[in-house]
Amino acid sequence: PSCSVKNLGAINHKQYLLRIIKMIIALPILSKCIKENNLVYASGSDMAFLSLIAGVGTKKPVIIEIGDISELQVSNGLKGYIFRIIDKWFIDKCALLVSTTPAFVDNYYRRRLNSRIPAVVIENKLEPSFLEGENIFKPMVGMPLVDRPFRIGYFGLLRDEWSLNVLLSLALSRPGDIEIILAGIPMASTEELLHQMLKHPN
C-alpha cells in the first residue's frame, strides 16, 4: 500500500505455538500503533484479539473482518461449545463485524452466538472498476450449461488440494461446458497442481 507499513513479523501456516509467541512479541509495536490511530481494522480473529489486548485503556474501536468460519466454530462437541462461548465474549468486544457473506452474519453470529454486533457485508467479489478491458470477467448472458459455459470461481488462498482436484476433474470432463477462474495466492503444496490446471484453456 501507498501508506507507511509496520511489519509485525512473519508467521508460518499451522505453527500455532510459534504464532502465539510472535504475537506476544508484537504487542508493544501494535500498542503504539493503536495509540497513534483512531480505530483498528483487524483482518481475522487472531489480529482482532491481539488488537483488543494491545489497545486496553485506549478505548479505540476494533473492527474485525471475518472471511471464513472454521469447523471448530460449528462443532457439536464440547470443544465447539466452549469455543463459541469464548467467541461470543470476544466478538461482542469488537465495534463492527465485516463479513464476506450475509450467511456468516445471520447463521453463525446472529443465530448461533446470539451476538448483536453491528455488521457490514463486503462480498468476496472483484469490483467492476477493476475489470475494465478484462473480457473474461464481463457478465455472461444466458443460462449456464444451456446457452453458455458454467463458470466457477475459486479466490483467496489457493491451498485446498481436494477442491482444486475436483475443479480440475470437472474442467477436464466437460471442457466446453465448464470454466474455472482462479485468483489468489498458491501454497507450496498446490503450486504444481495449479501449474497443471493453467495448461488447460478453460
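Look up: the structure comes first, before these words.
Residues numbered from 1 in each chain as written. Predicted model: local features only at pLDDT ≥ 70, side-chain atom pairs only at ≥ 80, totals over all residues. Heavy atoms only, no water.

**Quick word on the sheet that holds strand β3 (residues 96-99)**
In a beta sheet, neighbouring strands pair by backbone hydrogen bonds and run either parallel or antiparallel.
At step 1: Read across the open sheet, the four strands follow the order β1-β2-β3-β4; overall the sheet is parallel. Lying at the two open borders of the sheet, with one neighbouring strand each, are β1 (40-43) and β4 (119-121). Along the sheet, successive strands turn relative to each other by an average axial angle of 20 degrees, direction set aside.
At step 2: Here β3 runs beside β4; their pairing, made up of three bridges, is parallel. Note on β4: the bridge partner recorded for S99 is V121. (Pairing = 2+ DSSP bridges. Helix = DSSP H or I, 4+ residues; strand = E, 2+ residues; numbered from the N terminus. Axes fitted to C-alpha atoms, helices over the stretch in contact; angles between N-to-C directions.)

**Section: the layout of surface pockets**
At step 1: For the largest pocket, the calculated volume is near 1900 Å³.
At step 2: R19, S43, G44, S45 and D46 are, among the 43 residues lining the largest pocket, the residues nearest its centre.
At step 3: Among the elements that take part in the lining of the largest pocket, helix α1 (residues 16-35) stands out by supplying seven residues, more than any other.
At step 4: Tallied by class, residues from the lining of the largest pocket come to 22 nonpolar, twelve polar and nine charged.
At step 5: Reported here for the second largest pocket is a volume of approximately 600 Å³.
At step 6: The wall of the second largest pocket is formed by 20 residues, among which K6, L8, L30, C33 and Y41 lie closest to the centre.
At step 7: When contributions to the lining of the second largest pocket are tallied by element, the ones reaching two or more residues are α1, β1 and α2 (45-54). (1 Å grid on protein atoms, 1.4 Å probe; cavity = no way out; pocket = protein on both sides within 12 Å on 5 of 7 lines; lining within 4 Å. Points joined across faces, edges and corners; volume = space filled by probe spheres on them. Nonpolar A, V, L, I, M, F, W, Y, C, P; charged D, E, K, R; others polar.)

**Regarding the pattern of salt bridges**
At step 1: This model, assessed by the stated rule, comprises five salt bridges.
At step 2: Its salt-bridge partner being D177, residue R174 comes within 3.0 Å of it at the nearest N-O pair.
At step 3: Take D177: its relative accessible area is 28%, and that puts it in the partly exposed class. (Salt bridge = Lys/Arg side-chain N within 4 Å of Asp/Glu carboxyl O. Buried < 20%, exposed > 50% of the residue type's maximum accessible area, 1.4 Å probe, protein only.)

**Let's talk about a nonpolar patch on the surface**
At step 1: A cluster of nonpolar side chains, namely F49, I53, L78, Y81, I82, I85, I86 and W89, defines an oily patch on the protein surface of about 840 Å² accessible area.
At step 2: In terms of residue count, the dominant contributor to the nonpolar patch is helix α3 (residues 78-91) (six residues). (Patch = residues over 30% accessible without salt bridge, like charges linked within 9 Å, V, L, I, M, F, W, Y side chains within 5 Å. Areas by Shrake-Rupley, 256 points an atom, 1.4 Å probe, with all protein chains shown as cover.)

**Overview of the side chain of N202**
At step 1: As for its position among the elements, N202 is in the segment after α6 (191-197).
At step 2: For N202, a relative accessible area of 17% translates into the label buried.
At step 3: A polar contact is formed between the side chain of N202 and the backbone oxygen of A171, at a distance of 3.1 Å.
At step 4: Beyond its immediate sequence surroundings of up to four residues, N202 is in contact with A171, R174, P175, I178, E179 and I180. (Polar contact = N/O pair within 3.5 Å; in protein donor to acceptor, adjacent residues only side chain to side chain. Contact = heavy atoms within 4.5 Å.)

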